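Each chain, letter by letter, is given below.
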Amino acid sequence: MTLSHDFADALPELAVEQVPETPIDPQLLMLNEPLAKELGFDPEWLKTEEGVLSLLGQNLPENAKPVAQAYAGHQFGQFNPMMGDGRAVLLGERTGTDGHLYDLHLKGSGPTVFAKRGDGRAPLGPVLREHLVSEAMHHYGVPTTRSLAAISTGHTAIRERALPAGATVRVARSHLRVGTLQLALSRNSEEVLGKIADHAAKRFDLDSRRELFEYTLDAQAKLLAKWIGLGFVHGVMNTDNMSLSGETIDYGPCAFLDDHEPKACFSSIDIGGRYAYNRQQKIAQWNMYRFAEAMVPILTDNPDDAIAYASPILERYEEKQNSLIMAEFGRKLGLNPATGFQESTTELINEWRAILVEFSPDHTQVHRSLTDGDIFDHLPDNERVRNWLSEWRSMDPDADLMKRTNPIYIPRNHHVQHAVDRAVEGDLKDYETLYDVLLTPFTRRAGMDHLEGPGAGPDATFITFCGT
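Keep in mind that what you see is a predicted model, and the values were worked out from it rather than measured.

On to the pairing of strand 7 (residues 101-107). Burial within strand 7 is extensive, with seven of its seven residues counted as buried. Across the two faces of strand 7 the burial is the same, with Leu 101, Asp 103, His 105 and Lys 107 and Tyr 102, Leu 104 and Leu 106 all buried. Two elements, strand 6 (residues 88-95) and strand 7, share seven bridges in a ladder whose sense is antiparallel. Counterpart to Leu 90 in the pairing with strand 7 is His 105.

Following this line, the structure appears as structure tokens:
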């Protein structure tokens, strides 16, 4: 397993050498073979005992430098000046077949100096959940970290009770976060701030810190629009979970809307609904202001010039987000935003979103019904809906665009939980079936009607936990 150690070399101030915990009984449960090939690995070798141990950070080359990464962050709005990888290790970086450099990050690797008396392990259930959901997101076209493998380690993770432990090998363009910059800012270290920004710019093929500033703002705005259109609720939008690359990171308490409920919140620890579906846009804006605070000291030699440069960009950020969200819903309705929307189109999209809020149809099924079914199976047959439908049809919507944008299958919360529970018990059949369907989520599969929906029903409760 050939790996470089670019992060450890470039940012030693944020890297703590860490040897991953030795597994007791490693068992490879899932291997993402297409991703393995994209990283230049031989999938058959990764399935061997030697390959699995290498994925778990064992038997690495002598020049490897596995490290735990330090960062800070706002957690539910409160600043924590010292966080970091408490149960994860950056094994190193690897150049993919596309020429880009990717992190290989082992989650569930045992305690690090940032573990805060925790066991540093990850319960196997959340490991399997992240493996499945992150790959589904990739196939929706949403920028995301991906999981190369889900592995049972033979250890026990202690939470409210003892649980089988596992590990996932997460792949990302970078694990640099808003919180990484915030750590350097909190230490008043412009030198380290500059090194972080320069390292990130190099990773993303950018030429300057200003380009990085605009790149991350743009990437996060586009990511948020994808989430809103898909009905995805991240669940823990702390600044340490906002990647500078604009990839979705951390699939602990995430979930998907069944019924279109704006206040939907699935996290066990988000008592106030800070990260509910309808608050994600405002939180993304808040997080980007924290990003800007960290970047301003290093954008120019003169702070006043930096503020003069950054302020107009931030002032336009909400407008940009709104525009991208409108464009995403436009595509969902078959209205191509490439040529720009007329006022009547904007009004039509806004009315559609208002209808979703008023009647709370199944978010995924109602959009797909516009091409594959009867909309009145999901919305009331009344004057308001019929007027909207008539106006929408008069705009000659693009059915092919809609079918490429609106999935048939999502990781329905109750299906994921069932499949993961069975997999933890040793039966992977339902998990593998669901995983396979989500690799082609826009294509209807024979015999898979039960995975289309609806959700578990209005009386069902679904709670997620920060397991990994």
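As a further point, take the side chain of Arg 170. Position of Arg 170 relative to the elements: it lies in strand 10 (residues 162-172). Since its relative accessible area comes to 4%, Arg 170 is described here as buried. Residue contacts for Arg 170: discarding those within four places in its chain leaves Asp 103, Leu 104, His 105, Lys 107, Glu 130, Thr 145, Arg 146, His 175, Arg 177, Ile 249 and Asp 250.

Across soluble globular proteins, nonpolar side chains show a tendency to be buried alongside one another. Ranked by internal contacts, the top residues of the largest apolar core, which has 110 residues, are Met 137, Phe 213, Trp 352 and Trp 388. Among the nonpolar cores identified, the runner-up in size contains 24 residues, and Leu 35, Leu 55, Ala 64 and Ile 151 belong to it.

For the rest of this paragraph, the subject is the pattern of salt bridges. One pass over the full model with this rule turns up 30 salt bridges. Close ionic contact of Arg 146 with Glu 135 constitutes a salt bridge, the shortest N to O distance being 2.7 Å. Taken together, the positions of Arg 146 in strand 9 (residues 146-158) and Glu 135 in helix 5 (residues 124-140) put the pair eleven residues apart, joining distant regions of the chain. You'll find Arg 146 and Glu 135 in the same group, each marked buried. Connected through shared salt-bridge partners, Arg 368, Asp 372, Arg 444 and Glu 452 make up one network.

Now for the packing of helix 8 (residues 209-230) against helix 9 (residues 280-299). Running from amino to carboxyl end, helix 8 crosses helix 9 at an angle of 170°, the nearest separation of the two axes being 11 Å. Considered as vectors, helix 8 and helix 9 are oriented roughly antiparallel to each other. Together, Arg 209, Arg 210, Leu 212, Phe 213, Thr 216, Leu 217, Gln 220, Leu 224, Trp 227 and Ile 228 of helix 8 and Gln 280, Gln 281, Ala 284, Met 288, Phe 291, Ala 292, Met 295, Ile 298 and Leu 299 of helix 9 make up the contact between the two elements.

Below, the discussion takes up empty space enclosed by the protein. Evaluated as defined, the whole model comprises two cavities of 30 Å³ or more. In this structure, the largest cavity encloses a volume near 60 Å³. The wall of the largest cavity is formed by Glu 21, Pro 23, Leu 56, Leu 106, Gly 108, Ser 109, Gly 110, Thr 153, His 155 and Ala 167. Tallied by class, the residues present in the lining of the largest cavity amount to four nonpolar, five polar and one charged. Computed from the structure, the second largest cavity encloses a volume of approximately 30 Å³. Among the residues forming the lining of the second largest cavity, the class breakdown is three nonpolar, four polar and three charged.

Once that is clear, we can look at the packing of aromatic side chains. Under the definition given, this model contains eleven aromatic pairs. One aromatic cluster in this structure is built from Trp 227, Phe 232, Tyr 251 and Phe 256. Seen from the ring of Trp 286, Arg 274 lies directly overhead, with NZ or CZ sitting 5.2 Å from the centre.

Moving on, we get to the pairing of strand 9. Regular strands have side chains that alternate between both faces of the sheet. Of all 13 residues making up strand 9, ten are buried, and the element is well covered by its neighbours. Relative to strand 9, strand 2 (residues 27-31) runs antiparallel, the two sharing four bridges. In the strand pairing of strand 9, Gln 27 is matched with Ser 152. What sits between strand 9 and strand 10 in their antiparallel hairpin is a turn of three residues.

The omega torsion of the bond from Gly 453 to Pro 454 falls at 5°, within 30 degrees of zero and hence cis. Here Pro 454 is to be found in the segment after helix 17 (429-438). Here Asp 205, not a glycine, exhibits a phi torsion of approximately 60°, which is positive. By the element assignment, Asp 205 lies in the loop between helix 7 (190-203) and helix 8. Located in the positive-phi region is Asp 396, a residue other than glycine, with phi close to 50°. Positionally, Asp 396 belongs in the loop between helix 14 (383-393) and helix 15 (399-405).

This part is about the environment of Lys 403. With respect to the helices, strands and loops of the structure, Lys 403 is situated in helix 15. Classification of Lys 403 by relative accessible area gives partly exposed; the value is 34%. Along the backbone, Lys 403 and Glu 347 are 56 residues apart, and their C-alpha atoms lie at a distance of 23 Å. Residues within four places of Lys 403 in sequence aside, it is in contact with Arg 368, Thr 371, Asp 372 and Phe 442.

Attention now goes to helix 10 (residues 303-315). With 13 residues, helix 10 should cover 18 Å at 1.5 Å per step; its first-to-last C-alpha distance of 18 Å lies within 8% of that length. Every buried residue of helix 10 is accounted for by Ala 306, Tyr 309, Ala 310, Ile 313 and Leu 314. Contact partners of the buried residues in helix 10: helix 8, helix 9 and helix 11 (317-332). One side-chain oxygen of the residue at the start of helix 10 lies 2.8 Å from the amide nitrogen of Asp 304, identifying that residue as Asn 302.

With that settled, the discussion passes to the packing of helix 16 (residues 413-424) against helix 17. Helix 17 packs onto helix 16 with a crossing angle of 135° between their chain directions and a minimal axis gap of 7 Å. Accordingly, the angle class assigned to the pair helix 16 and helix 17 is oblique. Note on packing geometry: the crossing formed by helix 16 with helix 17 is left-handed. Contacts between helix 16 and helix 17 involve His 415, Val 416, His 418, Ala 419, Val 420, Arg 422 and Ala 423 on the former and, on the latter, Asp 430, Tyr 431 and Leu 434.

Criteria and thresholds
- Residues numbered from 1 in each chain as written.
- Predicted model: local features only at pLDDT ≥ 70, side-chain atom pairs only at ≥ 80, totals over all residues.
- Heavy atoms only, no water.
- Buried < 20%, exposed > 50% of the residue type's maximum accessible area, 1.4 Å probe, protein only.
- Helix = DSSP H or I, 4+ residues; strand = E, 2+ residues; numbered from the N terminus.
- Pairing = 2+ DSSP bridges.
- Contact = heavy atoms within 4.5 Å.
- Core = buried A, V, L, I, M, F, W, Y, C linked by side-chain atoms within 4.5 Å.
- Salt bridge = Lys/Arg side-chain N within 4 Å of Asp/Glu carboxyl O.
- Axes fitted to C-alpha atoms, helices over the stretch in contact; angles between N-to-C directions.
- Parallel < 35°, antiparallel > 145°, perpendicular 65-115°, else oblique.
- 1 Å grid on protein atoms, 1.4 Å probe; cavity = no way out; pocket = protein on both sides within 12 Å on 5 of 7 lines; lining within 4 Å.
- Points joined across faces, edges and corners; volume = space filled by probe spheres on them.
- Nonpolar A, V, L, I, M, F, W, Y, C, P; charged D, E, K, R; others polar.
- Phe/Tyr/Trp six-rings, centres within 6.5 Å; stacked < 30°, edge-to-face > 60°.
- Lys NZ or Arg CZ within 6 Å of the ring centre and 35° of its normal.
- Expected span 1.5 Å × (residues − 1).
- Polar contact = N/O pair within 3.5 Å; in protein donor to acceptor, adjacent residues only side chain to side chain.
- Left-handed = near helix turned anticlockwise from the far one by under 90°.

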